[in-house]
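# Inside the fold
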Amino acid sequence: MSFDLVVKNGTVVDGSGGASYRADVGVTDGRITAIGRINEKSKQSIDAEGHVVSPGFVDGHTHMDAQIFWDPIGSCSCYHGVTSAIMGNCGFTLAPCAKEDADLVFRNLERAEDISREAMLAGIDWTWETFPEYLDTLDRLPKGINYGGYIGHSALRTYVMGEKAFEHEANDDEVRTMQGLVKEAMHAGARGFSTSRTINHTTADDRAVASRLAGWDEVRAIVNAVGETGKGVFEIAGEGPSARDPEAVREYQCRLRDLAIESGVTQTWGMFSSRSVPDHWQTYTDLLDETAAGGGRIFAQVHSRGLNTLLSFETSLPFDKWDTWVEFRALDLEQQKVKLRDPAVKAKLVEVASRPYTGPRVVGAEPRPPKWDYIYPMDDMQYDKPSMAQLASERGVHPAELMIDMALERDLKMFFRAPIANENMSEVIKLIKHPRSVVTFSDSGAHVSQIMDSSLQTHLLSYWVREKQALALEDAVRQLTYNPSTMWGLHDRGLIREGMAADLLVFDPDTIGANMPEVMHDLPAGATRLKQTSTGIKHTVVNGEILLTNNEHTGAVPGKLLRS
C-alpha cells in the first residue's frame, strides 16, 4: 500500500483520553488509513521524533463569518492547532440576507462582536441571499481549515422582519416563516441555530441586537423546529440574570432545561466564574446534570484562563475617553511617546487616571474602568504575575504611572491584561474538569483588537498540563479534540483512527505555547487586529495536507465546509 503522507516516529495521543503510544500514521486521500509501523513509501513524510501526534483541535465558538472571505487559513486559530471551527455563534451570521440589506447584519456584528464595518464592506464579495446559497458560497471559498456554521437568530429576524426586527417581537406568521427557514438551513447543512439575549450585545447606535427583541416563545418555536430535523445544536449567549436575584436565575435556568428536554436539541452556552459572585457558576453546572437526568442534553463551553481584555497604547486603554486623555490619545503613537516624556504632561495624565471613575458603564469585551488589583503586566507569556496594584505599591507610585513607565520602556509596545471573568484559576480548573464541559470559546474573528483568545488551546497545554500538572496530556488533548467533535457532531474528526479524516497536529509537549501578541493593521481597509502565533507546533495537517509548518503557511487550502 502506498500513502500520500506518513507521520513517522511520533508519540500518538489519539484524542480518546487513553494512554499515548508510539506509532506511525499513514494517510491516503485525506483519511487515516494505517496506524502502526509503516515501511511503505509515501509521497510526503513527516518525522515526528520527539513530538506528539494528535488530532487537530476543534474550536466550537468562533465568529469567522466575515474573516473567512479574506483570510483563507483561519488565523489566529490555525496557529494554535485548530483544524475545524464552528462559526455563526450568538445569533450573528451573514445569512440569510440579500446583498442590498447587508447593513442589517453589519449592524448586528459591528459593535457586538467588534468586527470592522469597513473591513466587511471591503473584504466580502456578497453572492447569496438564502442560507443554503450562503453555504454554497462557503463551499467554493479556498479554506485552510474546516468550517461549520450556525444559522443566526439576528440575521434570521432581519431577513424576515426588516427594520422591525430591532423594534419588537415577531408575530405568529413571522415566527412560522422563521421556523421554515431554519429547517431549510438545517437540511442544507447548518450545524444548528444560535441566538443572543445578553445585554452586552448592542448595535453601534446603542440599540439591542435583533435577537434580543425576541420573546422566549419565539426562541422556543425555532429551536423546536430545529428539533424536527433530528440534528443540530442550539447555542445561546444567555440572559444572565443577576446572581443577586436567585428567583430570576432559577426561572431562566428552568427555561433552558425545559427547552433542551422538549426539543431534543443539544444546547450549549459559555460558562465562566466571577470574583464578584464566586459560587454562582455552580448553579449552572448543577443545571447540566439536572437536564441530563430529565432526558435533555446541555454542555457548557469553558475557557482555559481568564477572559482577558488586552490593553495597550497601540490599541486601547481604560482612560481613552477621559478628560485630558481623549485629546492625548488622538495623537499618533510617536507624538504620544514625546508627550509622555514631559513630566508635566505625564503628571496630569496620572492625576486624571487616579480620580474615581464617573463615566458610563462599559460592558462586553471592551476595556473597562481600571480595577488595578485585576490588571496584570504582560511583558512575556508567563501567566501568573503580581497585579499592577501590587507592583505599584512596592514601587511607591500610582498604577497608572507604572503603566506609563512600563510601556515607555518597551516603546509603548506592551500589553496589560484585564480579566473580565475567570479571575480565579482554582475555579477555572474545576470548570475545565467538569464532565459536561468543553474547552473552547475563543471568539476568534471577533473583538480582534481587544482580545486574543485564539490561543486558549495552546494555553491549556502549556499552563495546565506542563506548568501546573493539573491535567494529563491525554485528558487535555481529549478536551480539545474528541469532546468538541462529538458535541458538534463532527463524527469523522477528533480521533486518530483508521477511516477518520486526517486532521493532525505534530507538536512538542515541552515547548508548545503561545507567542506574544502583535498589533497588526492587515485587515481589509487597514483595520486593526491582534495577531498571535505559537511555538512548539511543528506541523498542522488538514484533510491529509500540510497546512502550516512552524507557523508558515505552505500554500495549501485543504479545508472543507462541514455540513451537518
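Since we're looking at a predicted model, the values are computed, not measured.

## Focus: the pattern of salt bridges
- Evaluated as defined, the whole model comprises 42 salt bridges.
- Residues participating in the shared-partner salt-bridge network are D379, D380, K385, E409 and R410.

## Things to note about the nonpolar core
- Of all hydrophobic cores here, the largest spans 111 residues; its most connected members are Y134, W269 and L461.
- In terms of residue count, helix α5 (residues 172-188) provides more of this core than any other element does, seven residues in total.
- The contact partners of W269, leaving out residues within four places of it in the chain, are I236, L256, Y284, L287, L288, I298, F299, A300 and Q301.
- The next biggest cluster of nonpolar side chains, apart from the first, holds 29 residues, and it includes F313, W322, V352 and W372.

## With respect to unusual backbone geometry
- The step from S75 to C76 runs through a cis peptide bond, and the omega angle for that step is 10°.
- Within the secondary structure, C76 is located in the loop between β6 (57-59) and β7 (82-87).
- Residue P96 is bonded to the preceding A95 through a cis peptide linkage, with omega at 5°.
- Examined against the element boundaries, P96 turns out to sit in the loop between β7 and α1 (102-110).
- Although it is not a glycine, T324 adopts a positive phi angle of roughly 70°.
- Even without being glycine, D411 reaches a positive phi, approximately 60°.
- Locating D411 in the fold gives a position in the loop between α13 (399-409) and β16 (415-419).
- For D411, a relative accessible area of 36% gives the class partly exposed.

## Some points on the pairing of strand β1 (residues 3-12)
- Pairing of β1 with strand β4 (residues 42-47) involves five bridges; the strand directions are parallel. The partner of F3 across the bridge, within β4, is S42.
- Judged from the two bridges that link them, β1 and strand β5 (residues 52-55) form a sheet pairing that is parallel. Its bridge partner lying in β5, T11 is registered against V52.

## Thoughts on the side chain of S485
- Locating S485 in the fold gives a position in helix α17 (residues 482-487).
- A relative accessible area of 1% means that S485 is categorised as buried.
- Of the polar contacts made by the side chain of S485, one reaches the backbone oxygen of R493; its length is 3.5 Å.
- Residue contacts for S485: discarding those within four places in its chain leaves V58, L490, H491, R493 and G494.

## Focus: the sheet that holds strand β12 (residues 266-270)
- Taken together, six strands build an open sheet; the order of strands is β9-β10-β11-β12-β13-β17 and the sheet is parallel. Either end of the sheet is taken by a strand with one partner, and the two such strands are β9 (151-152) and β17 (437-439).
- Pairing of β9 with strand β10 (residues 192-196) involves two bridges; the strand directions are parallel. Each residue of the ladder has a partner; that of G152, found in β10, is S194.

## Remarks on the pairing of strand β13 (residues 298-302)
- Among the five residues that make up β13, five are buried, leaving the element largely enclosed by the rest of the structure.
- Burial along β13 is two-sided: the face carrying I298, A300 and V302 and the face carrying F299 and Q301 are both buried.
- Examined bridge by bridge, β12 and β13 share four bridges and lie parallel to one another. Of the residues in β13, the one forming a bridge with Q267 is I298.
- With helix α8 (residues 281-293) bridging β12 and the parallel β13, this β-α-β connection has right-handed handedness.
- By the bridge criterion, three bridges tie β13 to β17 in an arrangement that is parallel. Each bridged residue has a counterpart across the sheet, and for A300 the counterpart in β17 is S437.

## Re the sheet that holds strand β8 (residues 146-149)
- In spatial order, the strands read β6-β7-β8; together these three strands make up an open sheet with parallel pairing. On the outer flanks of this sheet lie β6 and β8, each paired with one strand and no other. Each strand of the sheet is rotated relative to its neighbour by a mean of 15°, with strand direction disregarded.

## Some details on helix α12 (residues 388-395)
- Those residues of α12 that sit buried are M388, A389, L391 and A392. Along the axis of α12, the buried residues cluster in a sector spanning 165°; they form a single face. Exposed positions of α12 whose direction lies more than 90 degrees from the buried face are S393 and E394.
- For α12, the elements touching its buried residues are β15 (376-378), α13 and β16.

## Comments concerning the layout of surface pockets
- Its boundaries defined by the atoms lining it, the second largest pocket holds a volume of some 310 Å³.
- Lining the second largest pocket are 23 residues, and of these R305, M381, Q382, Y383 and H459 sit closest to its centre.
- Those elements that place two or more of their residues in the lining of the second largest pocket are β14 (308-311), β15, α15 (456-467) and β19 (513-514).
- If you tally residues by element for the lining of the second largest pocket, the top one is α15, at five residues.
- For the lining of the second largest pocket, the residue count by class is nine nonpolar, seven polar and seven charged.

## So, empty space enclosed by the protein
- If you walk through the whole model with that rule in mind, you get four cavities of 30 Å³ or more.
- Of the voids in this model, the largest cavity is the one considered here, and its volume is about 190 Å³.

## Thoughts on the environment of I35
- Here I35 lies in strand β3 (residues 31-36).
- Residues I35 and K8, 27 residues apart in the sequence, show an inter-C-alpha distance of 9.9 Å.
- Setting aside anything within four residues of it in sequence, one finds I35 in contact with Y21, A23, D24, I496, R497 and E498.

## Looking at the side chain of T285
- Tracing the chain through its elements places T285 in helix α8.
- If we skip the residues at most four places from it in the chain, T285 touches M271, L431 and H434.

Reading guide: rules and limits
- All residue numbers refer to position in the chain's written sequence, counted from 1.
- The model is predicted, so local features are restricted to residues of pLDDT at least 70 and side-chain atom pairs to those at 80 or more, both for listing and for counting; the totals for chains, interfaces and linings are taken over all residues.
- As a rule here, side-chain values cover all heavy atoms of the structure and leave hydrogens and water aside.
- The salt bridge criterion pairs a side-chain nitrogen of Lys or Arg with a carboxyl oxygen of Asp or Glu, the two atoms within 4 Å.
- Nonpolar cores are built from buried Ala, Val, Leu, Ile, Met, Phe, Trp, Tyr and Cys residues. Side-chain atoms within 4.5 Å join them into one set.
- Burial classification: accessible surface area is computed with a 1.4 Å probe over protein chains only, and a residue below 20% of its type maximum counts as buried, one above 50% as exposed, and the rest as partly exposed.
- Strands here mean DSSP runs of E at least two residues long; helices mean DSSP runs of H or I at least four residues long; both are numbered from the N terminus.
- Only heavy atoms matter for contacts: two residues are in contact if any of them lie within 4.5 Å across the pair.
- Only when DSSP finds a minimum of two bridges between them are two strands counted as paired.
- Here a polar contact is taken to be a pair of N or O atoms separated by no more than 3.5 Å, where protein atoms must pair a possible hydrogen donor with a possible acceptor and residues adjacent in sequence count only if both atoms sit in side chains.
- When the strands point away from the viewer, a crossover counts as right-handed if the path from the first strand over the helix to the second runs clockwise.
- To obtain each axis, a line is fitted to C-alpha atoms, and for helices this fit is confined to the stretch in contact; angles are then taken between N-to-C directions over 0 to 180 degrees.
- The arc in question is the one traced by the directions running from the helix axis out to the C-beta atoms.
- With a 1 Å grid laid over protein atoms only, a set of points is called a cavity when a 1.4 Å probe fits there but cannot get out and a pocket when it is open yet has protein on both sides within 12 Å along at least five of seven lines; lining residues have an atom within 4 Å of a point.
- Grid points are joined across faces, edges and corners, and a volume is the space filled by probe spheres set on the points.
- Gly is placed with the polar residues, together with every amino acid not listed as nonpolar (Ala, Val, Leu, Ile, Met, Phe, Trp, Tyr, Cys and Pro) or charged (Asp, Glu, Lys and Arg).

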